[in-house]
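# Notes for the structure review
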Amino acid sequence: METQNFVTSEIQKLRNSMKRILLLSVLAVLSVAAVFAKEAPSGYYIQSYWVLMTIHEDNTYTVMETLDVYYTEPSHGFFRDIPNNVWIKRDISEAQDGSETAMKHYPVEMEDVEVQGYEFAYDEYEGNHELKIGSRDIYVEGLHRYNINYTLKIPADRVPQSDIFFYSVLGTGWDCDVDTFRFMIDFDKPLPQSAINDVQLYVGAEGDHKNKAADCLYFNKERTRMSASISGIPAFSGVTVWLPLPEGYFTCSEPWQTTATLVLIGIAALIFAYVLFRELLGDKHHVTKVISFRPPKGMSSAHVGTLIDASIDERDILSLIPWFASKGYLTIDNSKEHPVLIKKENLPASAPKFQETLFNGLFPNGTTVFDTGEKSTTSFGKAWLNCESQLNNLFKDKLDNADTKTLGILILGIFVASFAVCFGSTDPDSWIHGGFTTLFFVGLSVCMLFFMSEMKGILAKCFLGFFITIGTMMFLVCYSDATIDTYVPVEYLHALVIGAGVTSIFAINLTYMTDYRSKVLGEILGLEEFIRTAEKDQLEKLQAEDEKYFYDILPYAMCFGLAERWEKKFKDIHVAPSDNFVGSSASGLITGGIANSLANRMFTKEMKAGINAEKAARNAAASSSSSGSSYHSSSSYSSGSHGYSGGGFGGGGGRRW
């Protein structure tokens, strides 16, 4: 019996020993696994991370961080990254119910940086304030304590409905585990109870808003201190406090960029208003109409057509053909499918050069017939373009002069606006957007200056279309880029871009009249007004006094674009046949109405083809003597991110080096 009891006792001791051995083995395996778990990801981990903060009334944060870092591999130290800007989705609805939100961008300034007992270097790099802690010549291992102090300055939030404290006390950028994390935040002003009731604490990866831990937060009875302690935070996880506050809790001042931007916006707005007032309401173009029944003495229809709008149009030159007929130099036979021109006599030696050029182009080399429906040769196209050029030279200094004073003021306004957009839309470390905007406005200014001094007609319209297109693209870029809302509300900058574009469009003809044009324009405008509004009894009286009256005024009606209206007015008025205007009826122009209008019928596709052929030949010759150039540029823009864990100000992270 005793032997049996002895055996049983020994077996029990053996079992207990095996249990101890097994337990020790498991603990050893776990310990080794834990060591490898610490070593594998990054060669270091943080045993304890302690953050002490004071939140001041002016929205500056005094931060003290104490980190107990354990290096499992030889290291110089670590980098501490703190974002220098942040994007936050803010509730801007009046009811603060989230029905209207806007993305707000805030730059974060960092000051008074200290690292006690260790070498460090401070820089700003890729959207972060970067501290490089440690020495290149020294390696460390094991446990080391770091004390980091700094101050963050947060700008005004530009949301009049509320304030907010949205801060990542632990950023999601750390690539190592944190065994224990604690923070204590002191507020200069007591927190309202409503804010404490709504406070949220998020723990987890960036953007994770499900992992709430508000029950870990503690507040003192004075409501001036918030604290929490959290254990076992894995790499790339953070801790973020979201605390809504009533409007006026923070009394931070505007950054200098905001003041500068608002001043520049005001100056640019005043300049644009001045230019618009001068262009739209000024009296520099004021001319008094003098109703006239006859064209100005000594002026052909081409003269009048050029002077009325300070430009040379196709109809101005085309109107010379019936003007030649009204003077007896040629006959227009309108009875055939296409009008036929028949030469009667040469122009007088005193005729202007442009008239002689076009007339000889109609009847070259002694010919006396020009069929507008026959295939035109390039000789007619050459004569047409030369006539246009000579007419332009004739009026080169007699039409409108560029208003260089107002133009200079406008360009100054555009430069001011460009700097306002640059200051107001870009944080100090990313000037690409503002630089692009500045280049756009400067380029617009240069193009406009060139436009004002050189360009007329269709080329002017092309440049106007270019300005509108580029301006629209620029507006869309501004509207879609959330980073534009940095120092002033985005609406201010949109208004500035639109204002610059609208002012430029209205000022596209920024000129003033010469004395010559102002003297004759009143009579020309009076003739146009008469052709537009003349009553039947007036026209009957004038036609009775001069049987050639209808034919004499017809070329001028053509250059005003009123030929069809002029013909309609004489539909029920007797007009005697003319030897110089041959048709199927008395005039061949009146009874046919719109379908047989001289202005519509005479400028045939064959005549246009001759002009276009000559234009193409000249363009080809010009392009063969010049070479093009190309320009290519590329740019990139990087921005931070926002969320809940890892969102708000602060945060960032670190990495070993």
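Per chain, the residues get numbers from 1 upward, laid out in the order the sequence is written. Only residues with pLDDT of 70 or above have their local features reported here, since the model is predicted, and side-chain atom pairs are shown and tallied only from 80 upward, although totals for entire chains, interfaces and linings are computed over all residues. Working from all heavy atoms in the structure, the side-chain values ignore hydrogens and water.

### Let's talk about the overall build of the chain
Under the convention used in this document: The way it works is that DSSP assigns letters per residue, a run of H or I at least four long becomes a helix, a run of E at least two long becomes a strand, and they are numbered from the N terminus. Only protein chains enter the accessibility calculation, which uses a 1.4 Å probe; a residue is then buried when its area is under 20% of its type maximum, exposed when over 50%, and partly exposed in between. The contact rule is simple, with two residues in contact once any of their heavy atoms fall within 4.5 Å. Reported accessibility uses the Shrake-Rupley method at a 1.4 Å probe radius. Residues are deemed covered only where the shown protein chains occlude them.
A tally of helices and strands in the chain yields 18 helices and 24 strands. Residues counted as buried form 46% of the 657 residues belonging to the chain. For the chain, restricting intrachain contacts to residue pairs at least 6 apart in sequence, the fraction spanning at least 24 positions comes to 77%. By element, 56% of the accessible surface of the chain is carried by carbon and sulfur atoms, the whole surface being about 32800 Å².

### A few points about helix α4 (residues 301–309)
Of all nine residues that make up α4, eight are buried, and the element is covered over most of its length. Residues of α4 that are buried sit in contact with α5 (314–318), α6 (320–326), α7 (353–362), α8 (378–394), α13 (515–533) and α15 (549–559). Of the residues one or two after α4, A310 is the one with positive phi, at around 60°.

### Observations regarding the environment of V490
Considering the arrangement of structural elements, one finds V490 in helix α12 (residues 490–506). We classify V490 as buried; its relative accessible area is 18%. A C-alpha to C-alpha distance of 9.6 Å links V490 and K104, two positions 386 residues apart in sequence.

### Observations regarding the packing of aromatic side chains
For any pair of aromatic rings, the description rests on two quantities: the centre-to-centre distance and the angle between the ring planes. Condition: Between 30 and 60 degrees the pair is tilted, below 30 it is stacked and above 60 it is edge-to-face, where a pair is any two Phe, Tyr or Trp rings, Trp via its six-membered ring, whose centres lie within 6.5 Å. We call a charge positioned over a ring when the NZ of a Lys or the CZ of an Arg lies within 6 Å of the ring centre and within 35 degrees of the ring normal.
The tally for this structure, following the rule as stated, stands at 27 aromatic pairs. Measuring from ring centre to ring centre gives 4.3 Å for Y118 and Y146, while their planes differ by 35°; the resulting arrangement is tilted. Placement of Y118 in the loop between β6 (109–116) and β7 (120–125) and of Y146 in strand β9 (residues 140–153) is noted, with a sequence separation of 28 residues between them. Looking at Y118, the relative accessible area reads 25%, which means it is partly exposed. Taking the centre distance of 5.4 Å and the plane angle of 80° together, the rings of F550 and Y551 count as edge-to-face. Joined through ring pairs, the aromatic side chains of Y49, F78, Y118, Y146, W174, F181 and F183 make up one cluster. Stacked on the ring of W657, the Lys or Arg K132 has its end atom at 4.4 Å from the ring centre. Here the basic side chain of K189 rests over the ring of Y249, its NZ or CZ set 4.8 Å away from the ring centre.

### Notes on the packing of α7 against α8
Quick note on the threshold: Axis definition: a line fitted to C-alpha atoms, over the contacting stretch in the case of helices. Angles run 0 to 180 degrees between N-to-C directions. For this classification, under 35 degrees means roughly parallel, over 145 means roughly antiparallel, 65 to 115 means roughly perpendicular, and everything else is oblique. Under this grouping Gly is polar, as are all residues other than the nonpolar Ala, Val, Leu, Ile, Met, Phe, Trp, Tyr, Cys and Pro and the charged Asp, Glu, Lys and Arg.
Viewed as axis vectors pointing N to C, α7 and α8 meet at an angle of 175°, and their least axial separation amounts to 8 Å. The orientation of α7 relative to α8 falls into the category roughly antiparallel. Contact residues: α7 offers K353, F354, T357, L358, G361 and L362, while α8 offers F380, A383, W384, N386, C387, Q390, L391 and L394. Considering only residue class, the contact of α7 with α8 consists of nine nonpolar, four polar and one charged.

### Here's the deal with the sheet that holds strand β18 (residues 340–343)
Rules: Two strands form a pair only when DSSP identifies at least two bridges running between them.
The four strands lie next to each other as β19-β18-β17-β22, forming an open sheet whose pairing is mixed. In the strand order of this sheet, the two ends are held by β19 (369–371) and β22 (581–582), each with one partner. Bridge analysis of strand β17 (residues 330–333) against β22 gives two bridges, and the strand direction is parallel. Bridge pairing in β22 places D333 opposite V582.

### Digging into the side chain of D81
Heads up, the condition is: Any pair of N or O atoms that falls within 3.5 Å is considered a polar contact. Within protein, one atom must be able to donate a hydrogen and the other to accept it, and sequence-neighbouring residues count only if both atoms are side-chain atoms.
On the secondary structure map, D81 appears in strand β3 (residues 77–83). D81 sits in the buried class, given a relative accessible area of 13%. A distance of 2.4 Å separates a polar atom in the side chain of D81 from a polar atom in the side chain of R655. Among residues more than four places away in sequence, those in contact with D81 are N128, H129, E130, G651, G652, G653 and R655.

### Examining the confidence of the model for the chain
Inclusion rule: As a per-residue quantity, pLDDT reports the predictor's confidence and falls between 0 and 100.
Per-residue confidence for the chain averages 77 on the pLDDT scale, and 74% of its residues sit at or above 70. Note on residues 584–596: pLDDT under 50 across the span, and 29 contacts to partners over four residues away in sequence or across chains.

### Section: the environment of G561
Secondary-structure assignment places G561 in the loop between α15 and α16 (563–569). With a relative accessible area of 47%, G561 lands in the partly exposed category. As for G561 and E528, which are separated by 33 residues in sequence, their C-alpha atoms are 9.6 Å apart.

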